[in-house]
Amino acid sequence: MKRIISAVFIIVFVAALAAACGQTAAPEDTSSVKETTASSKETVSVSAETSILAESRKDVLVVVFSATGTTKAVADRIAAYADADLYEIKAAQEYTAADLDWTDRNSRTTIEQNDKSARPQIGSPELSLDGYKTVFIGYPIWWGEEPRILDTFVEKYDFDGVTCIPFCTSGGSGVGRSDKNLADHAGSGNWESGKLLNHTSDADLQNWIDSVM
Ligand SMILES: Cc1cc2nc3c(=O)[nH]c(=O)nc-3n(C[C@H](O)[C@H](O)[C@H](O)COP(=O)(O)O)c2cc1C
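Keep in mind it's a predicted model, so treat the numbers as computed, not measured. Residue numbering note: each chain is counted from 1, following its sequence as written. This being a predicted model, a pLDDT of at least 70 is required before a residue's local features are given, and a value of 80 or more before pairs of side-chain atoms are given or counted; all residues contribute to the totals for chains, interfaces and linings.

Visitor: Help me understand the overall build of the chain in this model?
Guide: Scanning the chain from terminus to terminus reveals 7 helices and 6 strands. Across the chain, helices and strands are ordered from the amino to the carboxyl terminus as α-α-β-α-β-α-β-α-β-α-β-β-α. Summarising the internal contacts of the chain: among those between residues at least 6 apart in sequence, 76% fall at separations of at least 24. Put simply, DSSP marks the helices as runs of H or I at least four residues long and the strands as runs of E at least two long, and each gets a number from the N terminus on. Our contact criterion uses C-beta atoms placed from the backbone: two residues qualify when those atoms are within 7 Å.

As structure tokens, this is what we get:
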């Protein structure tokens, strides 16, 4: 009788043990662990992105108009160092190579720059300046001045309470009257002197940013 009881006990024990091992090693469970890990990673990355978006409303903004990318490259460096948002002014009617031909008296840019009242349309989405305390404004020098589309931009927005910092790139000319022109056209904001940033090293760029912010 004892033997029968022992045998039954051993059979029940072995069966229970096999069931327990089976549960731990079940493939479904392993995948569910992986899924949980994957989904929690997703959650982490999604919430990180969300917080970056939520925090992207900073108080420093870099605005730039750039026809061939030189000023935009400087704007990107300023935005990275100053931890700023970036807004690119795009012309509603993009400037073609022919439009940018300064050797042509009849090119679009020559005509626009010769006409102080020209106000090329902006094609980029509306901008809200709410919350921005400092706005860097970058542009190339065209015929010794700011491109007229910059006049369109500064006349469109209210810079009250905002420190505006013009910067530019050129083929060699200086800032000229471009910074004063922008301040005059804007009619609001605290305007700093403009800064020419041709071939500026990281150290010089950062020193300048630190000095104006
Ligand atoms: C229509 C036009 C006019 C320009 N006028 C001048 C000028 O008066 N002085 C100068 O040094 N460079 C002048 N340039 C050169 C640009 O200022 C220079 O290449 C600038 O870095 C371009 O910047 P972007 O690539 O951001 O457009 C002119 C360029 C164009 C297209």
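Visitor: Just checking my understanding: could you explain the packing of helix H3 (residues 70–82) against helix H7 (residues 202–212) for this structure?
Guide: For any two helices packed against each other, the geometry is given by the interaxial angle and the distance between the axes. Think of each axis as a best-fit line through the C-alpha atoms, taken over the contacting stretch in the case of a helix, with angles from 0 to 180 degrees between the N-to-C directions. It is at 10 Å that the axes of H3 and H7 come closest, and there the two elements cross at 60°. The orientation of H3 relative to H7 falls into the category oblique. When you trace H3 past H7, the crossing you get is right-handed. Contacts from Arg77, Ile78, Tyr81 and Ala82 of H3 reach H7 at Leu205, Gln206 and Ile209. Think of it as three bins: nonpolar holds Ala, Val, Leu, Ile, Met, Phe, Trp, Tyr, Cys and Pro, charged holds Asp, Glu, Lys and Arg, and polar takes everything else, Gly as well. Of the residues that constitute the contact of H3 with H7, the class distribution is 5 nonpolar, 1 polar and 1 charged. Roughly parallel covers angles under 35 degrees, roughly antiparallel covers those over 145, roughly perpendicular covers 65 to 115, and oblique covers all other angles. Crossing handedness is read from the near helix: turned anticlockwise from the far helix by less than a right angle, it gives a left-handed crossing, and turned clockwise, a right-handed one.

Visitor: For this particular structure, what's the right way to read the site of the ligand?
Guide: By definition, a residue lies near a molecule or strand when the C-beta atom built from its backbone is within 6 Å of it. Taken together, 20 residues are adjacent to the ligand, and Ser66, Thr70, Thr71, Pro140 and Gly171 come closest. When residues of the shell around the ligand are assigned to their parent elements, the largest contribution, 3 residues, is made by H3. In terms of residue class, the shell around the ligand is made up of 7 nonpolar, 12 polar and 1 charged.

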